[in-house]
Amino acid sequence: MANRRTSRSSSSGFSLNKFSFWLIIVIGATMAIIGTLNWMNNAFGWSWTWIRSLTSWVQSICFILGMFVPVALSYRVARNKGTGWFIVWIIFVVLVVYGLITNLLGLIL
């Protein structure tokens, strides 16, 4: 019997695992920097409102970026459920997007 070798070619396409890894790195570094700025603003008695605004914006954007992975993973589950569950999933994804947008709009106004 001949030996059969299977080789895997490395894919340079989109990988949710790679995306998740780098997303955590970026969000962690960003939140550490923003947290330090916010701490310095409070610890040194600075009354710089731009730091608070920047902190709120960055936290909201990091949360939005962090929602990509759960939505993508839940899509994989939802598409295998029935049509009714998929429609319910779509409704709740729309509600999540609506909540994120209204949160960002609340920071503007």
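Criteria and thresholds
Residues numbered from 1 in each chain as written. Predicted model: local features only at pLDDT ≥ 70, side-chain atom pairs only at ≥ 80, totals over all residues. Heavy atoms only, no water. Helix = DSSP H or I, 4+ residues; strand = E, 2+ residues; numbered from the N terminus. Expected span 1.5 Å × (residues − 1). Buried < 20%, exposed > 50% of the residue type's maximum accessible area, 1.4 Å probe, protein only. Contact = heavy atoms within 4.5 Å. 1 Å grid on protein atoms, 1.4 Å probe; cavity = no way out; pocket = protein on both sides within 12 Å on 5 of 7 lines; lining within 4 Å. Points joined across faces, edges and corners; volume = space filled by probe spheres on them. Nonpolar A, V, L, I, M, F, W, Y, C, P; charged D, E, K, R; others polar.

Caption draft 1: Up close: helix 1 (residues 16-43). Counted at 1.5 Å a residue, the expected span for helix 1 with its 28 residues is 40 Å, and the 39 Å between its end C-alpha atoms agrees. If you check which residues of helix 1 are buried, you get L16, L23, I27, I34 and N41. Buried positions along helix 1 lie against helix 2 (49-66) and helix 3 (68-78). Backbone geometry just downstream of helix 1 places G45 in the positive-phi region, at approximately 70 degrees.

Caption draft 2: Molecular detail of the side chain of S60. For S60, the position within the fold is in helix 2. When neighbours within four sequence positions are excluded, S60 is seen to be in contact with N103, L104 and L107.

Caption draft 3: Focus on the layout of surface pockets. Each pocket or cavity is described by its volume, and for the largest pocket that value is around 150 Å³. If you trace the largest pocket, you find it lined by I64, M67, F68, V71, V93, V96, V97, L100, I101 and L104. Secondary structure elements with two or more residues in the lining of the largest pocket: helix 3 and helix 4 (83-108). With six residues, helix 4 is the largest single contributor of residues to the lining of the largest pocket. Of the residues that constitute the lining of the largest pocket, the class distribution is ten nonpolar, no polar and no charged.

So yeah, pure geometry; function would need other evidence.
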